[in-house]
Amino acid sequence: MSAKKIVLDFYKSDALINPEVMETFLHPAIQVEWRSSRGTINMDRQDILELASELGKAYVRSKVRISQLVKEGDTVAVYYSHYIKTVENPREEMLLAHFMAFWEVKDNQLYKGYQISQLP
């Protein structure tokens, strides 16, 4: 499977709020560097699975709208907006944040990630 297809399938899935789905996309040695409004966060596989679990408790729905998806070699760049529906208000879709991410794919899984997020 191509790196671009893997990244696209990842964002089309419920991985961001479902740790069981998330686990299928993660390489055992995955590392993510995330530059957020709180500073730089470095995450390993367990950190990512815990985040997906926490998000799954707060959000009943997660949807990603991709604006750009570009592949070069085994690296994919993606620019997207992440929308959610909360447990408290499941009928209203809300913009969570805008993201720019670079994913390196290895063994058909996400291996290295670098992302920047901006709150709306």
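The structure under discussion appears in the preceding block.
Below or above, wherever it landed, is the structure these notes cover.

What counts and what doesn't
Residues numbered from 1 in each chain as written. Predicted model: local features only at pLDDT ≥ 70, side-chain atom pairs only at ≥ 80, totals over all residues. Heavy atoms only, no water. Pairing = 2+ DSSP bridges. Helix = DSSP H or I, 4+ residues; strand = E, 2+ residues; numbered from the N terminus. Axes fitted to C-alpha atoms, helices over the stretch in contact; angles between N-to-C directions. Contact = heavy atoms within 4.5 Å. Buried < 20%, exposed > 50% of the residue type's maximum accessible area, 1.4 Å probe, protein only. Polar contact = N/O pair within 3.5 Å; in protein donor to acceptor, adjacent residues only side chain to side chain.

This next bit is on the sheet that holds strand β4 (residues 75-86). One open sheet accounts for six strands, arranged β2-β1-β6-β5-β4-β3; its pairing is mixed. Looking along the sheet, the strands with just one partner apiece sit at the ends: β2 (39-44) and β3 (59-72). Strand-to-strand twist of the sheet, defined as the mean angle between neighbouring strand axes without regard to direction, takes the value 20°. Two elements, strand β5 (residues 94-106) and strand β6 (residues 109-118), share nine bridges in a ladder whose sense is antiparallel. Looking at β6, one finds that M100 is bridged to I116. Of the strands in this sheet, β3, β4, β5 and β6 touch helix α1 (residues 3-12), which is tilted by about 160° from β3. Its contacts with the sheet put helix α3 (residues 45-58) on β1 (26-36), β2, β3 and β4, and the angle it makes with β1 is roughly 65°.

Residue placement: H82 occurs in strand β4. H82 sits in the buried class, given a relative accessible area of 4%. Here S62 takes part through its side chain, which lies 2.6 Å from a polar atom of the side chain of H82. Not counting residues up to four positions away in its chain, the partners in contact with H82 are L16, S62, K63, V64, M94, L95, L96, A97 and F99.

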